[in-house]
Amino acid sequence: MAVAAQSMPVRVRLDLAQEVESQSIASTLDTTQWTLHGRRNRVFVLVAGTGSIRHRDDDTGLQAPSLVWVPTGQPAVLTLHAGSRGAWLAISDAALSQVALPGNIGDNLRRISTRPQLGTRIERNVANRLATLIGIIEDELREGPAGSQEMVRHQLAIVSILLWRSSDLAPNDPQPAPRTVVANFLHLVDQQMRSHWSVADYARYLGVSTDRLNSAVQRATGQAPLALIHGRLMAEARQMIETSGMHISEIAAMLGFEDPAYFSRFFKRLIGRSPRQYRAEFTRSQIKMAGSFAAWP
């Protein structure tokens, strides 16, 4: 059996204590076979080419781009045909449990780790990203530069998230209707306008793309999301200037502006007058109106 043209495996030199190995597969020169004894979880990313995997007496064909996950304790035999490219990663259960992941992703990953994925089709860009990340792990562990241990931990976390995304446990909820997006956006603006979120922040929180948020809001209101955010903030500012005795700097702070001068410039750009000019004009108009009422018989 021919040996693949590839770099030697690298064993982790970090707190994960030799629980992880990684290897890039540059290109197989002939049919190449790996026997997986089940001592660790195995990830194979097939970027180009074909092959097969034998698991529990079943043979499954592999066609790039695809992903193989074989859990600990489940022996298998992986075969790649000539010209195939990709990468593999071996990680023990102990090392996998130390990968820091947020929220339900960690719980789902533990569920994923107990069941095999044999030739799951993935997007080509995902396959390339996984192969690149495994290559970075390999380089970091071989060269051992300063901070290599933390670098490997971060790469393992990203690899884990990509594996989670490629599984059937990742959320795939239908997109909300445009009217729901707009209603939720307007409600959220009332809550977060003082935090000075960007449009991208609102889109991320609502679970939609920035383009989709822009399109839905523009169609429903005739205004861009940023204009509505600024308009709502200015409506609040005007009410506070008109009805409170607070200094302009206090109003600026209440509205989330750390620099009162910036607030004044922002207000003037949208209203056409500075906050002090606006307050003076409003006060004069109120006095004039009160005088007019007093003149009535």
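Please refer to the structure higher up on the page.
Note that the structure is predicted; figures quoted are calculated from it, not measured.

Draft legend 1. Just the overall build of the protein chain, in detail. Regarding its fold elements, the protein chain presents eleven helices and ten strands. Here the protein chain holds 297 residues, and 42% of them are scored as buried. Taking the contacts inside the protein chain whose residues are at least 6 apart along the sequence as the reference set, 70% of them involve residues at least 24 apart. By element, 51% of the accessible surface of the protein chain is carried by carbon and sulfur atoms, the whole surface being about 16200 Å².

Draft legend 2. Spatial organisation of the layout of surface pockets. In this structure, the largest pocket occupies an estimated 160 Å³ of space. In terms of lining, the largest pocket is formed by ten residues, of which the most central are E21, H37, R39, R40 and R42. Grouping the constituent residues of the lining of the largest pocket by class yields two nonpolar, three polar and five charged.

Draft legend 3. Just unusual backbone geometry, in detail. Residues A64 and P65 are joined by a peptide bond in cis, for which omega reads -5°. Within the secondary structure, P65 is located in the loop between β6 (58-63) and β7 (66-70). In this structure, D57 takes a positive phi of about 70° despite not being glycine. In this structure, D57 sits in the loop between β5 (50-55) and β6. Of the residues examined, D57 reaches a relative accessible area of 77% and is grouped as exposed.

Draft legend 4. The arrangement of the pairing of β7 in detail. Across the five residues of β7, five count as buried, placing the element largely inside the fold. Here β7 shows a buried face lined by S66, V68 and V70 and a second buried face lined by L67 and W69. Pairing between strand β4 (residues 41-48) and β7: five bridges, direction antiparallel. Across the sheet, residue L46 finds its bridge partner in β7, namely S66. Bridge count for β7 against strand β10 (residues 117-121) is four bridges, and the pairing is antiparallel. Directly across from L67, in β10, lies its bridge partner T120.

Draft legend 5. Just the pattern of salt bridges, in detail. As enumerated under the stated definition, the model contains nine salt bridges in all. Taking the shortest distance from any N to any O, the salt bridge between R54 and D59 comes out at 3.4 Å. Among the charged side chains, a salt-bridge network with shared partners connects D190, R194, R232 and E236.

Draft legend 6. Examining helix α4 (residues 148-165) more closely. With 18 residues, α4 ought to run about 26 Å at 1.5 Å a step, and its terminal C-alpha atoms sit 26 Å apart, in line with that. Burial in α4 covers these residues: S148, V152, Q155, L156, A157, V159, S160, L162, L163 and W164.

Draft legend 7. Structural view of the packing of helix α5 (residues 178-192) against helix α6 (residues 199-206). Packing of α5 against α6 brings their axes to within 11 Å, and their N-to-C directions diverge by 120°. By the angle between their directions, the pair α5 and α6 is classed as oblique. In this structure, the crossing between α5 and α6 has a hand that is right-handed. Between α5, through V181, N184, F185, L188, V189 and Q192, and α6, the contact on the second element is made entirely by Y202, Y205 and L206. In terms of residue class, the contact of α5 with α6 is built from seven nonpolar, two polar and no charged.

Draft legend 8. Fine view of the packing of aromatic side chains. What the rule picks out here adds up to eleven aromatic pairs. Geometrically, the ring pair formed by F44 and W88 is tilted, given 6.4 Å between the ring centres and 35° between the ring planes. With F44 in strand β4 and W88 in strand β9 (residues 85-91), this residue pair connects regions lying 44 residues apart in the sequence. On the accessibility criterion, F44 (4% relative accessible area) is buried.

Draft legend 9. Looking closely at the sheet that holds strand β3 (residues 32-36). Sheet architecture is open: four strands sit in the order β3-β8-β5-β6, paired in antiparallel fashion. Sheet topology places β3 and β6 at the edges, where each strand pairs with a single neighbour. Strand after strand, the sheet turns through a mean of 15° between neighbouring axes, direction not considered. Alignment of β5 against strand β8 (residues 76-80), held across four bridges, turns out to be antiparallel.

Cut-off values and rules
Residues numbered from 1 in each chain as written. Predicted model: local features only at pLDDT ≥ 70, side-chain atom pairs only at ≥ 80, totals over all residues. Heavy atoms only, no water. Helix = DSSP H or I, 4+ residues; strand = E, 2+ residues; numbered from the N terminus. Buried < 20%, exposed > 50% of the residue type's maximum accessible area, 1.4 Å probe, protein only. Contact = heavy atoms within 4.5 Å. Areas by Shrake-Rupley, 256 points an atom, 1.4 Å probe, with all protein chains shown as cover. 1 Å grid on protein atoms, 1.4 Å probe; cavity = no way out; pocket = protein on both sides within 12 Å on 5 of 7 lines; lining within 4 Å. Points joined across faces, edges and corners; volume = space filled by probe spheres on them. Nonpolar A, V, L, I, M, F, W, Y, C, P; charged D, E, K, R; others polar. Pairing = 2+ DSSP bridges. Salt bridge = Lys/Arg side-chain N within 4 Å of Asp/Glu carboxyl O. Expected span 1.5 Å × (residues − 1). Axes fitted to C-alpha atoms, helices over the stretch in contact; angles between N-to-C directions. Parallel < 35°, antiparallel > 145°, perpendicular 65-115°, else oblique. Left-handed = near helix turned anticlockwise from the far one by under 90°. Phe/Tyr/Trp six-rings, centres within 6.5 Å; stacked < 30°, edge-to-face > 60°.

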